[in-house]
Amino acid sequence: MPDGSTTSNSSLGDQDFRDFAHIGPDKLAGRFLRKFWQPVLPGDELLSGTPKRIQLLGEYFTAYRGEDGVAHIVEDRCPHRQTMLSLGWIEGDCIRCFYHGWMFSPDGKCVDMPAENDAFRDKVTIHGYPTREYLGLIFAYFGEGDAPEFPLYPEVDPEKDTVFYTKHPVPCNFFQRIENDLDEVHLNFVHQVGTHEIGMVDIPEISVVETEYGILRKGRRSGEGNNVDRTGRIFMPNTMMVITPGSARRPEWMLHLAWRVPVTDELMASFIVTTRKGGGGGIQPRAHSDPDPMYYTEEILAGRMRVQDIDPDYPSLFNVQDNVALAGQGAIVDRSKERLGQSDKGVILMRKLWEREMRAIAEGRPIKAWRRPVEDLLEYGSREVELAGS
Ligand code: FES
Ligand SMILES: [Fe+2]
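Anyway, here's the lowdown on the structure attached to this text. (Residues numbered from 1 in each chain as written. Chains lettered and ligands numbered in written order. Predicted model: local features only at pLDDT ≥ 70, side-chain atom pairs only at ≥ 80, totals over all residues.)

1. Remarks on the sheet that holds strand β1 (residues 38–42)
Part 1 of the argument: An order of β1-β11-β10 is seen for the three strands of this open sheet, with the pairing classed as antiparallel. A single partner strand is all that each edge strand has here, and the edge strands are β1 and β10 (131–134). Between one strand axis and the next, the sheet turns through 35 degrees on average, direction left out of account.
Part 2 of the argument: As paired elements, β10 and strand β11 (residues 137–140) share four bridges and run antiparallel to each other. Paired with T131 across the strands is A140, a residue of β11. (Pairing = 2+ DSSP bridges. Helix = DSSP H or I, 4+ residues; strand = E, 2+ residues; numbered from the N terminus. Axes fitted to C-alpha atoms, helices over the stretch in contact; angles between N-to-C directions.)

2. Some thoughts on helix α7 (residues 293–301)
Part 1 of the argument: Considered for burial, the residues of α7 that qualify are P293, Y296, T297 and I300. All buried residues of α7 project into a common sector of 100 degrees when viewed along the axis, lining one side.
Part 2 of the argument: Those residues of α7 that are buried lie in contact with β12 (161–170) and α8 (317–327).
Part 3 of the argument: Where α7 terminates, the next one or two residues include G303, which has phi positive at roughly 80 degrees. (Buried ≥ 20, exposed ≤ 12 C-beta atoms within 10 Å, placed from the backbone. Arc of directions from axis to C-beta. Contact = placed C-beta atoms within 7 Å.)

3. A word on unusual backbone geometry
Part 1 of the argument: Of note, the amide linkage connecting M236 to P237 takes the cis form, showing an omega dihedral of 5 degrees.
Part 2 of the argument: Structurally, the position occupied by P237 is in the loop between β15 (230–235) and β16 (239–244).
Part 3 of the argument: Between D290 and P291 the backbone carries a cis peptide bond, its omega angle lying at 0 degrees.
Part 4 of the argument: Position of P291 among the secondary structure elements: in the loop between β19 (282–285) and α7.
Part 5 of the argument: Residues other than glycine seldom take positive phi values, yet L57 does so here, at roughly 55 degrees.

4. A word on the packing of α7 against α8
Part 1 of the argument: The geometry of α7 relative to α8 is characterised by a closest axis approach of 9 Å and an angle of 40 degrees between their N-to-C directions. In terms of orientation, α7 and α8 fall into the oblique class. The interaxial crossing formed by α7 with α8 has right-handed handedness. Within the contact between the two elements, α7 uses P293, Y296, T297, I300 and L301 and α8 uses N319, V320, N323, V324 and A327.
Part 2 of the argument: When grouped by side-chain class, the residues that make up the contact of α7 with α8 number seven nonpolar, three polar and no charged. (Parallel < 35°, antiparallel > 145°, perpendicular 65-115°, else oblique. Left-handed = near helix turned anticlockwise from the far one by under 90°. Nonpolar A, V, L, I, M, F, W, Y, C, P; charged D, E, K, R; others polar.)

Pasting the structure below:
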C-alpha cells in the first residue's frame, strides 16, 4: 500500500499494532519492512546463467543475473500457467519461462510470447523489483511506488578495507533477532566465553535514544582495558552496526553490519558484512564453518548437547549462542508473558518505534522520514545525541 493511501482500520486493535512477528505483504509489520531496501541473497550464491528461487518476507521470488552479470529480482511464478520462472533461461537481461517460452525483462514487461499475438503480449506484466548489489550482497526493494534512496555505509571502504559477507539462518521470528540487537546485557551470559576472554566483565549500564536513523544504544562499562563502553546503531527498521573489540586470538577490532530479514514468520536470515579496517583485501565471501552452525543449533535445541560442549575456537560460536537463546524463546515468543526490567529499555524503545510506525501505516499517515546521515557515523560522535528525537 503506498504512503498516503488509506486502509480501513476498523478491524484493527492495539494487538495488531504490536504484532511485529507476522510479515506477509498484508500485515502491518510486513508493509513496514517493505518500505526499505532489503538484502535478498549473497552475490556469490547467484551464478550467471542459473536463476534461483528465493524465499523472503514470507514470499518467493526469482533472482537471476543477466548476461552482463547484473542481478535482477522478479516474481516467482510465470503469469501464464504459474510455473516457477527460476526454471527458465537467461537471454540478454531477460528471463524466458521454461514451460511455453514467455520472456520477461527485468522491469517485468513481457517481451516475447512465441505462441500468442503481440496485442496479448503487451497486456501481460509481472513485478520486477529494483535491485542493487552492494558490499557483496544483492538487495531489492519490494514496496509500492518508487524505491527510496539506497542507504550507503561510508564506514565501510572496500577500496581500503577487507570486507567479508555472509548469510546465516536463525530458526525463529526475525523480531526476536532485532530485539537481541538492543540487548547489551546478553553479552555477559550468552557470549560469556568470548567476553570474559577479552576482559569485558561489567554488566553494562544501558542507554538508548531515538535518532534520525533509528536508535543509538550504549552499554556503559568501567572503561578499563577492553571493559569499555560499547556503542550500537540500529538503522530502522532492521539493520544494526556495531564494533566488536579484539581478542587474544583475533586482535583487530571489527565493524559489523547486520540485516535481520524474515524468511517466513518462524525463520529469519541474518545478512552480515564484517569489515576489518585497512588491509585492502576487498569484498569477499566469509568462509563457511564446519560443522554448519545450524547443526550445533539443532543438536542443542534437541537437548543432545550443550553450548558449553562446543570448542571455544569454533569460528561460528557467537552465531550458535545467539541462535539457541533466541530459538529457545519459541519460534514466535509470547510477549504477553514477559517481565521486562530496566535493562530492557532498548527492547521497549524498539517496540515503541515499530508500533508508532505500524499505527501510521494502518491510518494512512506517512511514517517518519528515517534517514541515515551521509557522514561516517564512526566519526560522527556526539552529533548523534544532539539529533536524538529529531
Ligand atoms: S507457464 Fe510460463 S510460458 Fe507457460
Ligand atoms: Fe548475541
